[in-house]
Amino acid sequence: MPTDLMRAGAPPASRPSSARNFNIVAVVLTAALVALQLIGLAILERSHAHAMQTPFPHETAVCSEGLDAEASQIPTD
């Protein structure tokens, strides 16, 4: 009877290696950076949409009539 009961193909029951830990940290950091970029893009899009809603100042209208044209008066109470 063999004394070693572990199969040759079975992985050891030890903790993950440092390379595996590094890969996990890299994936988590990449996901965090992508999330931050998406949040920044949403903020940028929102501010751009808000800037587009404000009216731009137009050129002053040129009056085709003379300066002596009467302006209609609005009655006040």
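Right above here is the structure, for reference.
Keep in mind that what you see is a predicted model, and the values were worked out from it rather than measured.

Asker: An account of the overall build of the chain is requested, with residue identities and associated values reported.
Answerer: Per the secondary structure count, the chain includes 1 helix and 0 strands. Taking all 77 residues of the chain together, 0% fall into the buried category. For the chain, the accessible surface area stands at approximately 8,300 Å², while carbon and sulfur atoms represent 65% of it.

Asker: An account of a nonpolar patch on the surface is requested, with residue identities and associated values reported.
Answerer: A cluster of nonpolar side chains, Leu-33, Leu-36, Ile-39 and Ile-43, forms an exposed patch at the surface whose accessible area comes to about 430 Å². By secondary structure assignment, the location of Ile-43 is in helix H1 (residues 18-53).

Cut-off values and rules
- Residues numbered from 1 in each chain as written.
- Predicted model: local features only at pLDDT ≥ 70, side-chain atom pairs only at ≥ 80, totals over all residues.
- Heavy atoms only, no water.
- Helix = DSSP H or I, 4+ residues; strand = E, 2+ residues; numbered from the N terminus.
- Buried < 20%, exposed > 50% of the residue type's maximum accessible area, 1.4 Å probe, protein only.
- Areas by Shrake-Rupley, 256 points an atom, 1.4 Å probe, with all protein chains shown as cover.
- Patch = residues over 30% accessible without salt bridge, like charges linked within 9 Å, V, L, I, M, F, W, Y side chains within 5 Å.
- Salt bridge = Lys/Arg side-chain N within 4 Å of Asp/Glu carboxyl O.

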